[in-house]
Amino acid sequence: MINEIISEANRLKQEAGKDLSEQLALKFGELKSEGIIKRFKKSVNFPHSNYQYQKQYLANFLIETLDDQYIVINSSTSFRNDRFKIQAYDLEGIKQHSAIAEKIIASIMLYPDDQ
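Just so it is clear, the structure is predicted and the values come from calculations on it, not from any experiment. Residue numbers run consecutively from 1 along every chain, following the written order of its sequence. For a predicted model such as this one, the threshold for reporting local features is a pLDDT of at least 70, and the threshold for listing and counting side-chain atom pairs is 80 or more; totals across whole chains, interfaces and linings nevertheless cover every residue. Hydrogen atoms and water are omitted, and side-chain values are computed over all heavy atoms in the structure.

### Remarks on unusual backbone geometry
- You will see that S43, though not glycine, has its phi angle at about 50 degrees, which is positive.
- By the criteria applied, helices consist of DSSP H or I runs no shorter than four residues and strands consist of E runs no shorter than two, each listed in order from the N terminus. Its place among the elements puts S43 in strand β1 (residues 39-46).
- We call a residue buried when its accessible area falls under 20% of the maximum for its residue type, exposed when it is over 50%, and partly exposed in between, using a 1.4 Å probe and counting protein chains only. Look at S43 and you get partly exposed, because its relative accessible area is 48%.
- One non-glycine residue with positive phi stands out, namely D68, at about 60 degrees.
- Considering the arrangement of structural elements, one finds D68 in the loop between β2 (57-64) and β3 (70-75).
- Overall, D68 belongs to the partly exposed group, its relative accessible area being 32%.

Laid out in structure tokens, this is it:
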């Protein structure tokens, strides 16, 4: 019974995360259609510029601005300290060690208002 409850709770969390990602993708799609941003990509992995491993850092979204700059976004439906540290590590790594590091104008952690 406990395993079923945990399983259902995890399923609901996954669904909420997927819904948030889809909502953000729709919003970024609107911004692109309106000519406010050039493009966006979802779930982009970045290598550390000095190493061969290709998936060192993850951005949930990468927005390219009209002037060829970048905004890196990570999002979550809940604020948990351990996950925050992982996302902060990813954002900091992208800002300091990726091939686009010099073109990043913002890095954003997105959470619901209640978090």
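### Some thoughts on the pattern of salt bridges
- The salt bridge criterion pairs a side-chain nitrogen of Lys or Arg with a carboxyl oxygen of Asp or Glu, the two atoms within 4 Å. Under the counting rule described, the total for this entry stands at five salt bridges.
- One salt bridge in this structure joins K27 and E30, with 3.6 Å as the shortest N-O distance. One end of the pair, K27, and the other, E30, are both in helix α1 (residues 2-33), three residues apart, so they sit about a helical turn from each other.
- Between D68 and K38 there is a salt bridge whose closest N-O contact spans 2.2 Å. Of the two residues, D68 is situated in the loop between β2 and β3 and K38 in the loop between α1 and β1; the sequence distance between them amounts to 30 residues.
- Ionic contacts of the salt-bridge type, sharing partners, join the residues K38, R39, E64 and D68 into one network.

### Examining the side chain of N74
- Within the secondary structure, N74 is located in strand β3.
- Within the structure, the side chain of N74 is placed 2.7 Å from the backbone nitrogen of N60, a separation counted as a polar contact.
- Contact definition: two residues touch when any of their heavy atoms are within 4.5 Å. Not counting residues within four places of it along the chain, the set of residues in contact with N74 comprises L58, A59, N60, Q87, D90, L91, I108, M109 and L110. Under the rule applied, a polar contact is a pair of N or O atoms within 3.5 Å (in protein, one hydrogen donor and one hydrogen acceptor; residues adjacent in sequence only if both atoms are side-chain atoms).

### Remarks on the packing of aromatic side chains
- Classification of ring pairs uses Phe, Tyr and Trp, with its six-membered ring standing for Trp, and accepts pairs whose centres are within 6.5 Å; under 30 degrees between planes counts as stacked, over 60 as edge-to-face, and the remaining range as tilted. Enumeration over the complete set of coordinates arrives at four aromatic pairs.
- With a centroid separation of 5.1 Å and 75 degrees between ring planes, the pair formed by F28 and F61 is classed as edge-to-face. In this pair, F28 sits in helix α1 while F61 sits in strand β2, placing the two residues 33 residues apart along the sequence. One exposure class covers both F28 and F61, and it is buried.
- The structure contains a cluster of three or more aromatic residues connected by ring pairs, namely F28, F40 and F61.

### Some words on the pairing of β3
- Across the six residues of β3, six count as buried, placing the element largely inside the fold.
- Side chains Y70, V72 and N74 project from β3 onto one buried face, and the interleaved I71, I73 and S75 project onto a second face that is buried too.
- Pairs of strands are assigned from DSSP output, requiring at least two bridges between the strands. As defined by bridge partners, β2 adjoins β3 across four bridges and the pair is classed as antiparallel. The residue bridging L62 from the neighbouring strand is V72, located in β3.

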